Structures are given as structure tokens and as C-alpha cells.
Protein chains: 2
Amino acid sequence: MLETTIAAIQPPDESAMADARALHGRLTKPAGSLGALEELSVRLAGLAGTCPPPLPEPAAVAIFAGDHGVHAQGVTPWPQEVTGQMIGNFLAGGAVVNAFARQAGASVTVVDVGVATPTPAGPVQPAAETSGPVVLDPSTPRLVAASVRRGTRDLAVTAALTRDEARAAVQTGIRIADELIDAGAAILLTGDMGIGNTTPAAALIAAFTGADPLDATGRGTGVDDPTYARKVAVVRAALARHAPDPADPLGVLAAVGGLEHAALAGLILGAAARRTPVLLDGVIAVSAALAAAAFAPDAVGAMVAGHRSAEPGATVALRHLGLDPLIDLGLRLGEGTGALLALPVVTGAVRVLHEVATFDSAGVAEK
Amino acid sequence: MLETTIAAIQPPDESAMADARALHGRLTKPAGSLGALEELSVRLAGLAGTCPPPLPEPAAVAIFAGDHGVHAQGVTPWPQEVTGQMIGNFLAGGAVVNAFARQAGASVTVVDVGVATPTPAGPVQPAAETSGPVVLDPSTPRLVAASVRRGTRDLAVTAALTRDEARAAVQTGIRIADELIDAGAAILLTGDMGIGNTTPAAALIAAFTGADPLDATGRGTGVDDPTYARKVAVVRAALARHAPDPADPLGVLAAVGGLEHAALAGLILGAAARRTPVLLDGVIAVSAALAAAAFAPDAVGAMVAGHRSAEPGATVALRHLGLDPLIDLGLRLGEGTGALLALPVVTGAVRVLHEVATFDSAGVAEK
């Protein structure tokens, strides 16, 4: 399934991109006056293979949740139970991601891909292959039980996952992409929850980009100086111990990744294979995007960088991917919040190609 | 009316701001993890004088349109008739501002405050003092006929406006703010249309900030090198000729401003007097915001910078006002498009204070 998904990912359609550029020149606005929105709409035409590309409606957020053995190294001040507790908050609609999703009209799917504690009661659906039809309902968050294992092993001591476990998580992400797109989603937004998950994200970013762990590692949800020094040391030691090969993304994910990181890489690959845009959230998402790009370089064509996380590793990863973020407001919350803030920008960029009059049709003179 | 509006503008309510900061510390997210959105929501609480501040819904865009005598100096390649033609496009719903306003659910009011050519037929309403009740209808743009004169005089030759004309335009802006807020608008968005209007904007920015005309002047909707050099020279000569006093904002607006710039300054003052946020678009808006701040320094408390225009003068003005823009995507279209793109960010920032659960209520552990 992973291999067939990778094989289905195509380069952008140059003809649709040329059509979008030509259309922009006829619309009632000075050429180039919409800045980055023009190039974004051209990229989305290339991804869809048609101009104008479809409006990205409805939108679906997929939040992958997992826990991390490296929590034992004291890399975060938050207790591990918060991962499961926040799933309860997502299902009750009380988190920031819920507020932003309601505003944007996006559905929220929470996927337990490896939480350590039992996930709370909620409208649970089993993994896609055994469930009935999925309904995208912005008013009711949905839980998918797809746990690969109850948290990773401690990457400071051993490989976080086996290759088979990493593959299972990637394939869960692909399955979720397929089920959301089959249910009608025209854009997928990445979300994540996992106490301690900025540590494997930093390790993934260092492994795929070659950046020094000091530049790839940030303070996550707010760690003090000694904890930060410990976190950098853990990342540096893990890279030295495992020596992950960036040309073997499954091996990198297994050695130093997380289950939610692996699943997000799968979601991105699944979206790209379906020529559907995937709006990336913060540092966890872009670390997973590096893995997706290592599996299939053309997957970058499906990626839109929602925002620039305050985590320094996010900027390292975005530079490596060649992506410019749409929003840059110092967010470092995760959950999908930065992607949701950027969604109206993406929709607006596409809407221009659908709805704006041409100089000819509007009777407006050109310069 | 101008003087009573200025007198009504109050400093922010520190107690409401403290309440908003304290509430942010109890919500289910790491402290500070929403970056600039947290401080924005605190500012809006201070403006409203209550925590949480009201959601900025419904939103109303006011596009002030005017023409410019300085067009005769060859500062733009676009013919002057385009101002009136674009009003027709706005009323027909074909412009980019219409597409973005439909997406955001914002109403569009077009105010002819000084267009040179007769404005096209449309759902015309007279100025507020003689009209019936205003209805905010996102699906039907509305034209308000409030022309002070059919375009300014050429600021390269003489004062663009008399003080009385400038005052009339400012008061039109105040009236429009009042009528939109009376009709229910919870946030006002600035829009503008006027071929040649980046030249007076540059002059206003240089006059109010002391910046060199070279740093305050940009290429507007796309001028070539000789036109740009001419434009800078026109701005420099106008400042030398008129020597506008930044402590006399009405005098500055009269000497080197435009009717839409003056009306936008009035809109901002009117919003501030009603403790209603005003979301600024691009370089025309921020040049008018400098005038508003010169009339009433506390008016800055009502301003939210929607985006950073590609015009260099916008950055000069934002720095002078102490405002950080929400969106920075190289837009240089005007019309209100950059403000509309930023509106969901403002709404999201406020929504967090209304809808997100606290650690206590959600049963989530703290670090």
C-alpha cells in the first residue's frame, strides 16, 4: 500500500499552471498584485491538473495523537497523561483547534495512533477498513482508534519503533487520507497531539536536513534552560546512536520518529496521491513532511505551508522543502491550529480564479 | 463633529486587558502558545472595555473612492476613468474585494467621496444623514454618494484640498463609521480605490513620519523606473512646497492628501470613538491611520494592521504607529483585500477567549 501510494504521486501539471498564470493576467487587478496568493493558486492548479483548481471545501483536519518513550528523559515538563486528556478535550470541542475548526467549517478527526493511556470515551470509529461510511461533520469531532502501540520506545535507549510499526503508522495515515477524501474533503489539514513530540520532530529534522541538533531543536511547549540543554543532548545522542539514513525514510521514522509523525507522513503521501492539497501545521507536520518528501519528492507539490511555527526546526524544515508559510504569528500550539488559521488564505487564493471578473467582462480599462 | 469624535476617543481599559491575560493563562494550551493572537485579543479586550471582547461579527468593509489631480503629472500608467469603472465592478460583485468579502461574510459599502467621472448606476444611497436605515447585506454591495469634489487638485501645483474640503471628507468617514456600527457592524475594514492614490499616500507618510520621500514612495500598481523617479520627485517637491505641519493633520490632508485618505482617517476616528476595532488594509489605509493618530493618539488602540503591503511606505507607517501586521504575503492591490484576508485571524483570536475550555473545566493536567 505504501509503495502503490508513492507510485501514484505525479509531478504538477504544467499546462494547468500556465492556464492559471494566463488567467491571472486577465482579472481586474494589477498583474502580480495578489503577491504570494497568485503563485499559490498556480501551484494548486498544477496539483489538481485543472484551472481553476477546485475550491478547497470542505476541509478536514486530521489530528494524529501518540506518546513517546523519550518522555522518560525529562524533555518536557508536561505529564504524559495530558495526551489522552487532550483527546477528551478535542472530542468535547473545548480545544483551540475546535474553536478554529468551527470558525472555518472544517471537520475534526482525532486518530489515536499510539497514545499511552486509554483514550477517553467518545464517538469512536474503528480504523477505516472496517468502518462504515465516514461523514464530514464540522459540529462533531470523531475519534478513530488505530493504535499501533501504546507509545514509542525511548529513542535515547533504542529504536523508537520497528520498521513494521513505522510502516503500519504510515499506512494508517494513508488510509485516513483516503477515507477523508472519499467522504468529500477537498483539502486535508494536519494536526498532532503528543506530549514530548517536539523531541522526535527535532531528530527527524536533523536527520533529513543535516542540520545540527541545536538548530533543529526548540523549546516546544515551554521548557526551561536545563530541560532545553537535556533535550538537545538527547537528540544529538540519538542521531549518533542510530545514524539514520535520510534516503531510508522508514528507517529514520523507526529510529527517531513518533507514531503521529509517521502517520502524518502517510496522510501527506495519501493526499498527494489523490492530487489533494494538504495544509501543514507546525513543527510536527513539517518534520513529517520531510519524511513524505524523502518517500516521494513530488509529494511536495501537494504541500501548502500553513504557518511558520515559533519552533526553530520548523524554519529549517520549510527551507529544505522550499516552502514559504502563509502565516507567521509566533504560534507554537500544534493541534492543527496554524493550518486552520491559514485555510481562508488558501481558499481566497483559489476563489479569485473562480469569481473575479476580467478586464473585458467588467468593462475596465487596462494600463 | 470632528472635535466631538476626537474627544470621545479613550485609552484602553487596563482592567479588561488584565482579565484577558489572566484568562489566557487558564485555557487548555501552553501559556503564550498562540503568539501574536494572544496580545491581539488582549488589545481588543482593552478597546471594548470587557473580557472577552465581542466577536467581530458582522464585519463591514468601507471602500472610499476618489480621484487625484496629481494624475496629470504622469505618476501612474492607469487612466483615471478606471476609478469609476472599478466602482462599477465593485457594485457588480466582480472585484477581488467582493470575492474575499463573500468568503468572509462581510458587507461592502462603496463611498464616492470624490471620483472624477460620474459613478455608475447602482444601488445608490445618499449620505447617511438623509438616508433610511442601513442594512448590512454581504450579498449586495452598496454605493453611498458623498462626493466632496470631483477629485483633488494637483498637489504638485497647489494644495490638493481646502481645509473645509478635507474636513468634509473626514466627517464623511466618521458618518460612515457611525452608520455601519449603528447597523450592527462589530468591526470595520478599510478599503480604497483611486487611480494615483499611492502618490498622496507617500506624501502623507513622509509628512507624518519624517521619512525621506524615497523611502515612503513605492511603485503602486506597477510603474516603470522613469515613472517611479517622477513620482518620488513629485512627492519631494510637494513636501518642499507645502511644508505640511504633522501637528496639523487637517492641514496635511488638505495640502498633500486625497479625499479617500481623509475619509479613511475619519472612519478610523469614528470607529475608535465607538470602541470598535478597525482592520487596516494597505498603504492607503496606513497613511490615513497616521492622520487619525495625529488627530487622536488613542485612536491607535482601535487599529489592527491587517497586512504588510508590498509598498515600502506601509512598513514606514506601521513602524511609526507601533503596529505589527497579521498577514505578510506581498499584496499590493488595495480595495480592502488585505484586511479581509486578515479578518479570520482577528475573529479566531477573539473566539479563543469565548470558546476554549480551561484546564479545570476540561480535566487536563498542567505542567
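Owing to the predicted nature of the structure, the values given are computational and were not obtained by experimental measurement.

**Some words on the relation of the copies chain A and chain B**
For the pair chain A and chain B, the best superposition has an RMSD of 0.0 Å and corresponds to a rotation of 180° with a translation of 0.0 Å parallel to the axis. Expressed as a symmetry operation, the mapping of one chain copy onto the other fits a two-fold axis. Considering only C-alpha atoms, the residue of chain A closest to the rotation axis is Ile 327 of chain A, which sits at 3.1 Å.

**Concerning the interface of chain A and chain B**
A common way to express how large an interface is: the accessible area buried when the components associate. Across the contact, 52 residues belong to chain A and 52 residues belong to chain B. Buried surface at the junction of chain A and chain B, both sides included, amounts to about 4300 Å², of which 66% is carbon and sulfur. Sorting the residues of chain A by area buried against chain B places Gln 103, Leu 329 and Lys 367 of chain A first, and these three jointly supply 15% of that buried surface. Counting the contacts that link chain A with chain B gives two salt bridges. Across the pair Arg 102 of chain A and Glu 355 of chain B runs a salt bridge, and its minimum N-O distance is 3.0 Å. At the junction of chain A with chain B, the criterion picks out 20 residue pairs in polar contact (both at pLDDT 80 or more).

**Focus: the domain arrangement of chain A**
Residue and element names in this part refer to chain A. Examined at the domain level, chain A breaks down into domain 1 (2-53 + 353-362) and domain 2 (59-343). In this structure, domain 1 and domain 2 have C-alpha centres spaced 28 Å apart. Each partner contributes residues to the interface: domain 1 has 17 residues there, and domain 2 has 22 residues. Of the roughly 1600 Å² buried where domain 1 meets domain 2, counting both sides, 65% is carbon and sulfur surface. The largest share of the area that domain 1 buries against domain 2 comes from Leu 2, Ile 9 and Leu 47, three residues that together contribute 42% of it. Viewed at the interface, domain 2 and domain 1 are joined by one salt bridge. We note a salt bridge from Arg 167 to Glu 3, for which the minimum N-O separation is 3.1 Å. Sorting elements by how many residues they give to the side of domain 1 that touches domain 2 places helix H3 (residues 36-48) first, with six residues. Grouping the constituent residues of the side of domain 1 that touches domain 2 by class yields ten nonpolar, four polar and three charged.

Basis of the calculations
Residues numbered from 1 in each chain as written. Chains lettered and ligands numbered in written order. Predicted model: local features only at pLDDT ≥ 70, side-chain atom pairs only at ≥ 80, totals over all residues. Heavy atoms only, no water. Least-squares fit on C-alpha atoms with pLDDT ≥ 70 in both. Contact = heavy atoms within 4.5 Å. Buried area = accessible area lost by both parts, 1.4 Å probe. Salt bridge = Lys/Arg side-chain N within 4 Å of Asp/Glu carboxyl O. Polar contact = N/O pair within 3.5 Å; in protein donor to acceptor, adjacent residues only side chain to side chain. Domains from an automatic or database assignment. Helix = DSSP H or I, 4+ residues; strand = E, 2+ residues; numbered from the N terminus. Nonpolar A, V, L, I, M, F, W, Y, C, P; charged D, E, K, R; others polar.

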